[in-house]
Amino acid sequence: MKDAKTTSFFEIKILRPFKWFCVFIIKMKLVTDMALLKKEVSEILSKVQPDSIITQLVRLALPVIASSFMSMAYNFINMFFVGKFGSEAVAAVGSAGFYMNLSWAISSLLTVGVGIKVSHAIGESNLFIARSYVKNGLRAVIMLALACFALLAMTRQFLIGLIQLNNPVIEKAATDYLLLVGMSIPFLFQNLFFTSVFIGYGDSRSPFRINVVALITNILLDFILIFPVGLGIKGAAIATIISQAIATILFYRKLNKTEELKPFEAVYQYVFLKDIIKLGISPAIQRISFTAVAIVMARIISDWGATAIAVQKVGVQIEAISYMTAGGFVSALSTISGKAYGARDYQTQWAAFRSGMLLAFLIGTATSVLLIAFPGFLFSIFLSDADNIAMGREYLIILGFSQLFMCMELMATGAFFGWGRTNIPAISGIIFTVIRIPMAIALINFWKHALSSVWWSISISSIAKGILLVTLYIILFKLFIKKHNSI
């Protein structure tokens, strides 16, 4: 009995715990081996999947594209509401909207650069630098927004007068609307800034969700304030202020929850702001010049009457199918390329550019086929007059030839942005956009005052920009790699 008790005690107190311990070690070893195997398989698959970068591009770009189309849908709805008060109200809101678009161009002085520098810092795994860029840029964008609003408020009558509406009633309404809607600029600038920061960080879903909330709020408040409350176009301006303010609050909440970007532990240093402005000044000038050229081109088109102006406005909206789709990939490509550049992973940077070109080919070719093959059908969705449709068909066919090259230009722009060389696409864009004016005048004289001359000047310049910018990227990046490998 003693031996049995001893055996029982030895088995219970020593053997069983030892056995359990051995089983536990074996199980942990199996789990570890499986985890390592899974990691190795994942790494191997990531290397052999040729579409991995394309998948990343699509994942990042889809929320941006969705936001762009929702903004376009909002513009249609807003114009529909305002249109209930007649053409004078539409003209007043449209005239003020031009200067709001101009303020958006000015904001790119800070919003473009901060997204690029954040992507570089994340690629380097330097969170302190990323937070410092956010902190310095945020303070600067608030100051810039307040300065823009102050300038807008003081010069609003002069600015509206430049458009030459030749109607005191419309000019008064546009001036009042511009002052009111201008109050949204401090919120708008911060929202654009935060959108760029989060996309540069690699999170395009958060800006999309916040912008969706803002857009839905804007549409609901538009209807309530314009009609039941009876504020007219002033209600549309107030709705814009409130919705943009809500978006700003939501962006601050998201920023506080994102540890990698929380700027409160960072420091103010002029060098960070200088880096942001250095990258943003060229795109800002490009966007401002694009707006100025658009005004001149609109005046040239006005020689053919109101029908030509209406055709161009509708045509631009149809053409936006490819522009906004490819434009969404610009931010995505800039982020992936920027992170790769920050991590000194130049092979991934080149692969991102190649993937972007593939997407440009697919989007551009599909849009070109759509515009060239079905121009009449597309235009008949918006306009029913036979003369308008005939003029619109010509516009879409001519612009259809440039869609592929426009998409190539946008993708190359994203690749250059990620590389930190924003001046190259900006210089190219400014030169070929400005060339549209003398080219249009020359073609008008050559083709005996044909409106198609204007359309061809736009299409030819887009084709030239796409070919040049892609060629420049290939040459300059190859030289960069050659120089890097020789060091």
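Up top is the structure.
Conventions adopted
- Residues numbered from 1 in each chain as written.
- Predicted model: local features only at pLDDT ≥ 70, side-chain atom pairs only at ≥ 80, totals over all residues.
- Heavy atoms only, no water.
- Helix = DSSP H or I, 4+ residues; strand = E, 2+ residues; numbered from the N terminus.
- Buried < 20%, exposed > 50% of the residue type's maximum accessible area, 1.4 Å probe, protein only.
- Contact = heavy atoms within 4.5 Å.
- Areas by Shrake-Rupley, 256 points an atom, 1.4 Å probe, with all protein chains shown as cover.
- Patch = residues over 30% accessible without salt bridge, like charges linked within 9 Å, V, L, I, M, F, W, Y side chains within 5 Å.
- Salt bridge = Lys/Arg side-chain N within 4 Å of Asp/Glu carboxyl O.
- Axes fitted to C-alpha atoms, helices over the stretch in contact; angles between N-to-C directions.
- Parallel < 35°, antiparallel > 145°, perpendicular 65-115°, else oblique.
- Nonpolar A, V, L, I, M, F, W, Y, C, P; charged D, E, K, R; others polar.
- Phe/Tyr/Trp six-rings, centres within 6.5 Å; stacked < 30°, edge-to-face > 60°.
- Lys NZ or Arg CZ within 6 Å of the ring centre and 35° of its normal.
- Left-handed = near helix turned anticlockwise from the far one by under 90°.
- Expected span 1.5 Å × (residues − 1).
- Polar contact = N/O pair within 3.5 Å; in protein donor to acceptor, adjacent residues only side chain to side chain.

Engineer: Help me understand the overall build of the protein in this model?
Structural biologist: In terms of regular secondary structure, the protein is built from 17 helices and zero strands. When each of the 487 residues of the protein is scored for burial, the buried share is 47%. Pairs at least 24 apart in sequence give 84% of the contacts found in the protein among residues at least 6 apart. In the form shown here, the protein has an accessible surface area of approximately 24400 Å², with 68% of it arising from carbon and sulfur atoms.

Engineer: When you look at unusual backbone geometry in this model, what are you seeing that I'm missing?
Structural biologist: Negative phi is the rule for most residues except glycine; trans is the rule for most peptide bonds. In the Ramachandran plot, S125 falls in the positive-phi region, its phi being about 60° despite a non-glycine side chain. Along the chain, S125 falls in the loop between α3 (87–123) and α4 (127–162). Here S125 falls in the exposed class, since its relative accessible area comes to 63%. Phi at R344 takes a positive value of approximately 60°, unusual for a residue other than glycine. Its location among the elements puts R344 in the loop between α10 (306–342) and α11 (346–373).

Engineer: Quick question: what am I supposed to make of a nonpolar patch on the surface here?
Structural biologist: Among the surface-exposed residues, F85, I216, L220, F223, I224, F227, V229 and L231 lie close enough to one another that they form a single nonpolar patch of about 700 Å² accessible area. Along the polypeptide, F223 turns up in helix α7 (residues 205–226).

Engineer: Honestly, the packing of helix α2 (residues 52–83) against α7 in this entry has me stumped. Any pointers?
Structural biologist: Taken N-terminus to C-terminus, the directions of α2 and α7 make an angle of 10°; their axes are 9 Å apart at the nearest point. Taken together, α2 and α7 sit at an angle that is classed as roughly parallel. Two secondary-structure elements touch here, α2 through R59, P63, A66, S67, M70, S71, Y74, I77, N78 and F81 and α7 through R205, F208, N211, V212, L215, N218, I219, D222, F223 and I226. Looking at the contact of α2 with α7 residue by residue, the classes come out as 12 nonpolar, five polar and three charged.

Engineer: Would you mind showing me how to read the side chain of S67 here?
Structural biologist: Looking at the element boundaries, S67 is found in helix α2. Owing to a relative accessible area of 13%, S67 belongs among the buried residues under this scheme.

Engineer: What should I look at first to understand the packing of aromatic side chains in this one?
Structural biologist: Two measures describe an aromatic ring pair: the distance that separates the ring centres and the angle between the ring planes. The tally for this structure, following the rule as stated, stands at 25 aromatic pairs. Aromatic pair F81 and F223: ring centres 6.0 Å apart, planes at 55°, arrangement tilted. Linking F81 in helix α2 with F223 in helix α7, this pair joins segments that are 142 residues apart in sequence. By relative accessible area, F81 is classed as buried at 11%. On the numbers, 4.7 Å between centres and 85° between planes, the contact of Y395 with W455 is edge-to-face. A residue pair is termed long-range when its members are at least 10 positions apart, and Y395 in helix α13 (residues 386–400) and W455 in helix α17 (residues 452–486) qualify at 60 residues. By way of ring pairs, the aromatic residues Y341, Y346, W350, F353, F416, W419, Y473, F477 and F480 are connected into one cluster. Sitting over the ring of W419, R421 keeps its end group 4.1 Å from the ring centre. The aromatic ring of W350 is capped on one face by K478, whose charged end is 4.5 Å from the ring centroid.

Engineer: Even after reading the chapter, I still don't get the pattern of salt bridges, so can you show me in this structure?
Structural biologist: Should their charged atoms come close, side chains of opposite charge can pair. Summed over the entire model, instances satisfying the criterion amount to three salt bridges. The closest approach of N and O atoms between E259 and K262, which form a salt bridge, is 3.9 Å. The class for E259 is partly exposed, based on a relative accessible area of 47%.

Engineer: Which parts of the structure should I look at to understand the packing of α4 against helix α9 (residues 270–301)?
Structural biologist: Axis angle and axis distance: for two packed helices, these are the angle between their axes and the distance between the axes, and together they describe the pair. The interhelical angle for the contact between α4 and α9, taken along N-to-C directions, is 30°, at an axis separation of 11 Å. Taken together, the axes of α4 and α9 are roughly parallel relative to one another. When the axes of α4 and α9 are compared, the crossing they make is right-handed. Judged by residue contacts, I129, S132, Y133, N136, G137, A140 and L162 of α4 engage F272, L273, D275, I276 and R299 from α9. Residue classes in the contact of α4 with α9 are distributed as seven nonpolar, three polar and two charged.

Engineer: Mind showing me how you'd approach helix α5 (residues 168–181) here?
Structural biologist: Quick reminder: α-helices carry 3.6 residues per turn. Residues three or four places apart thus point the same way. For α5, spanning 14 residues, the distance from its first C-alpha to its last is 20 Å, which sits close to the expected 20 Å at 1.5 Å a residue. Of all the positions in α5, only I170, A174, T175, Y177, L178, L180 and V181 are classed as buried. Two to three positions downstream of the cap, the backbone nitrogen of V169 sits 3.0 Å from a side-chain oxygen, assigning the N-cap of α5 to N167.

Engineer: Even after reading the chapter, I still don't get helix α14 (residues 403–419), so can you show me in this structure?
Structural biologist: Spanning 17 residues, α14 covers 24 Å between terminal C-alpha atoms, matching the ideal 24 Å at 1.5 Å per step. Positive phi appears at G420, one or two residues downstream of α14, with a value of about 90°.

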